[in-house]
Amino acid sequence: MTLRLSAEEPAPKSLILEAEELYREIADEVFVAIRKIRTGEWDKKETPQIVKEMRAFLALVLEERARVAKLSKQQAGVVYDYALDFDAARSEIGRRLACLRDAGGG
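This write-up is about the structure you can find in this document.

So, the overall build of the chain
In step 1: Summing up its helical and strand segments, the chain has three helices and two strands in all.
In step 2: In the chain, the succession of helices and strands from N to C terminus is α-α-β-β-α.
In step 3: Relative to its 106 residues, the chain shows a buried fraction of 14%.
In step 4: Surface exposure of the chain reaches about 8900 Å², of which carbon and sulfur atoms provide 58%.

As structure tokens, this is what we get:
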């Protein structure tokens with residue numbers, strides 16, 4: 001199943017991969033900033049404001065990450081934390097119908 005947002009936009013799978021790469025880059029930048037704070041490379045007067053901004057930024061990143069995870073689950077056919085396997089369901093229905101035909105005698 002391929003879900004497209006519009007004809008011009010790439011498939012969500014490529015968007016998800018791009019978002020994952022962006023999250024890794026952002027995380028790397030945040031870790032560099034944390035190291036600078038710990039080593040005292042930043043002006044101590046600015047640190048509380050920087051920390052406040054980083055927390056807000058990280059909350060936004062985590063929120064977006066949750067949206068990407070939800071889209072990824074949707075694309076994979078996961079509903080209520082269970083993946084729907086339509087091929088297996090089709091096979092099971094066929095098997096049960098065959099059993100009913102064999103037992104029906106009509």
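Some points on the pattern of salt bridges
In step 1: All chains considered together, the criterion is met by five salt bridges.
In step 2: Between Glu-92 and Arg-95 there is a salt bridge, with the nearest N and O atoms lying 2.6 Å from each other. Taken as a pair, Glu-92 and Arg-95 lie in helix H3 (residues 86-104) at a separation of three residues, close to a single helical turn.
In step 3: Here Arg-95 falls in the partly exposed class, since its relative accessible area comes to 45%.
In step 4: Residues Arg-96 and Glu-92 are paired through a salt bridge, measuring 2.7 Å at the closest nitrogen-oxygen approach. Taken as a pair, Arg-96 and Glu-92 lie in helix H3 at a separation of four residues, close to a single helical turn.
In step 5: Taking the relative accessible area as the measure of exposure, Glu-92 reaches 29% and is therefore partly exposed.
In step 6: The structure contains a network of salt bridges with shared partners spanning Glu-63, Glu-64 and Arg-67.

Details of the nonpolar core
In step 1: Counting ten residues, the largest nonpolar core consists of Ile-16, Ala-19, Tyr-23, Ile-26, Val-30, Ala-33, Ile-50, Met-54, Val-61 and Val-68.
In step 2: Elements represented by at least two residues in this core include exactly helix H1 (12-39) and helix H2 (47-76).
In step 3: Take this core: its biggest share by element is six residues, from H1.

A look at a nonpolar patch on the surface
In step 1: Together, Ile-93, Leu-97 and Leu-100 make up an exposed nonpolar region whose accessible area comes to about 310 Å².
In step 2: Along the chain, Ile-93 falls in helix H3.

Quick look at the environment of Ala-33
In step 1: Tracing the chain through its elements places Ala-33 in helix H1.
In step 2: With relative accessibility at 11%, the residue Ala-33 sits in the buried group.
In step 3: Put simply, Ala-33 and Ile-50 are 17 residues apart on the chain and 9.3 Å apart in space, counted from C-alpha to C-alpha.
In step 4: Aside from chain neighbours lying at most four places away, what touches Ala-33 is Trp-42 and Met-54.

The rules behind each value
- Residues numbered from 1 in each chain as written.
- Predicted model: local features only at pLDDT ≥ 70, side-chain atom pairs only at ≥ 80, totals over all residues.
- Heavy atoms only, no water.
- Helix = DSSP H or I, 4+ residues; strand = E, 2+ residues; numbered from the N terminus.
- Buried < 20%, exposed > 50% of the residue type's maximum accessible area, 1.4 Å probe, protein only.
- Areas by Shrake-Rupley, 256 points an atom, 1.4 Å probe, with all protein chains shown as cover.
- Salt bridge = Lys/Arg side-chain N within 4 Å of Asp/Glu carboxyl O.
- Core = buried A, V, L, I, M, F, W, Y, C linked by side-chain atoms within 4.5 Å.
- Patch = residues over 30% accessible without salt bridge, like charges linked within 9 Å, V, L, I, M, F, W, Y side chains within 5 Å.
- Contact = heavy atoms within 4.5 Å.

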